[in-house]
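Chain by chain, the residues run as shown.
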Amino acid sequence: MSGIASTIARSGGPASERAPKTSAPALGALQGSIASIREIDPSLIDDWGPKDRLDEFTAVNAEDDDEGFEALKNSIRDGGQHVPILVRRSKSVEGRFEAIYGRRRLKACRELDIKVRANVQDVDDATALLAKGLENAARRNLSFYEKARFAEAIQAAGHASVTVRQVLNISVSGLSHLTKVTQNVPSRIGDLIGSAPKSGRPRWTDLAELFMERKLSEKVALELLTKIDATLTSDERLEALIKEAAKRGPKAPGGSREITPLEGVVIKAGRGSVSLSIKKSGVNAEFANWLEGNLADIIKRSFAEFAKLNSRDDN
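The present account deals with the structure reproduced in this document. (Residues numbered from 1 in each chain as written. Predicted model: local features only at pLDDT ≥ 70, side-chain atom pairs only at ≥ 80, totals over all residues. Heavy atoms only, no water.)

1. A look at the overall build of the chain
Working step 1: When you go through the chain residue by residue, the secondary structure sums to 12 helices and eight strands.
Working step 2: Burial analysis of the chain (315 residues in total) assigns 42% to the buried set.
Working step 3: A fraction of 71% describes how many contacts in the chain between residues 6 or more apart in sequence connect residues 24 or more apart.
Working step 4: For the chain, the exposed surface amounts to about 17,000 Å²; the carbon and sulfur share of it is 51%. (Helix = DSSP H or I, 4+ residues; strand = E, 2+ residues; numbered from the N terminus. Buried < 20%, exposed > 50% of the residue type's maximum accessible area, 1.4 Å probe, protein only. Contact = heavy atoms within 4.5 Å. Areas by Shrake-Rupley, 256 points an atom, 1.4 Å probe, with all protein chains shown as cover.)

Listed below in structure tokens is the structure:
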């Protein structure tokens, strides 16, 4: 991170916009310098990569996030933009750029109708993801749920779990906790709750387990969320949903469990059946075709193993 850190340090700026020092793996491709910083028309910059935050980029906004963005915009209006964003040249359209991090600063400059100061670097996707993760660590830690959704988005883009762990600086078990939430809490429900910055793993795990135990379904969760006071913060919405769901019986009426172990792969388990569906397009197209030719044998072997285990249990 030495290149990013040194660029930020040299650029100066008030405390409200200066990034703190962060120790992180070296990113040799990002040896930033004053010469690489340019002023660019925001209309020439496109968003890139997985979303890492659930604040102003979703329909649910905590008041603190709104106030924080307005303070950032006022700071840039009054004193200028001191900390540059990181961009790379577009691979598909000449003359355009892709924003790796600094979306809030980019948004502020767009609304102020001024050029944005940007550090232009030619980096690959893996290095760009690392830079995004390091910037998050340096500025404002992502909430547990934001990390979970960010991890899910990185994997959906085709990156390996080791990349996710490196970007978010988490262990194998840490990634497992995040995955448990995204596999069981429907993303639509998460969007309506919001980032819940004060709620950590325990409360999100509680919510995931409510879905796993079929005490809550997406339909019921949507109904409950519509009844919750709209003025509540995202943390309060999460807490209210958990409390309301916990009052229900052992199973939500007509509840079913839906798991997405891989992008494009959906397992649905209801009272009367279990179904598996796989998209024959996207990153798992080849896997879907392979599975189509091998699924019968896989089912037969699985059933034989099941029968053998049950035979042992009977004895």
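There is more to say, and it comes next.
2. Comments concerning the nonpolar core
Working step 1: With 42 residues, the main nonpolar core has Ile189, Trp204, Leu207, Leu216 and Leu241 as its most contacted residues.
Working step 2: Here the element with the most residues in this core is helix α5 (residues 144-156); it accounts for six residues.
Working step 3: Residues within four places of Ile189 in sequence aside, it is in contact with Phe211, Glu218, Ala221, Leu222, Leu225 and Leu241.
Working step 4: Counting residues in each nonpolar core, the second largest holds 16 residues, with Ile76, Leu112, Ala118 and Val120 among its members. (Core = buried A, V, L, I, M, F, W, Y, C linked by side-chain atoms within 4.5 Å.)

3. Considering unusual backbone geometry
Working step 1: Positive phi is not limited to glycine here, since Asp113 has a value of about 60°.
Working step 2: Of note in this structure, Arg214 is not a glycine but carries a positive phi near 60°.
Working step 3: Among the structural elements, Arg214 can be located in the loop between α9 (201-212) and α10 (218-227).

4. Side note on the packing of helix α7 (residues 172-184) against α9
Two packed helices can be described by the angle between their axes and the distance between those axes.
Working step 1: Where α7 contacts α9, the two axes come as close as 9 Å, and the packing angle between them is 40°. The orientation of α7 relative to α9 falls into the category oblique. Here the hand of the crossing between α7 and α9 comes out left-handed. Contacts from His177, Lys180, Val181 and Asn184 of α7 reach α9 at Arg201, Trp204, Thr205, Ala208, Glu209, Phe211 and Met212.
Working step 2: Of the residues in the contact of α7 with α9, the class split is five nonpolar, three polar and three charged. (Axes fitted to C-alpha atoms, helices over the stretch in contact; angles between N-to-C directions. Parallel < 35°, antiparallel > 145°, perpendicular 65-115°, else oblique. Left-handed = near helix turned anticlockwise from the far one by under 90°. Nonpolar A, V, L, I, M, F, W, Y, C, P; charged D, E, K, R; others polar.)

5. Some thoughts on the packing of α10 against helix α11 (residues 234-246)
Working step 1: α11 packs onto α10 with a crossing angle of 120° between their chain directions and a minimal axis gap of 10 Å. On the basis of the axis angle, α10 is oblique to α11. Crossing handedness for the pair α10 and α11: right-handed. Along its contact with α10, which presents Ala221, Leu224 and Leu225, the element α11 presents Leu241, Glu244 and Ala245.

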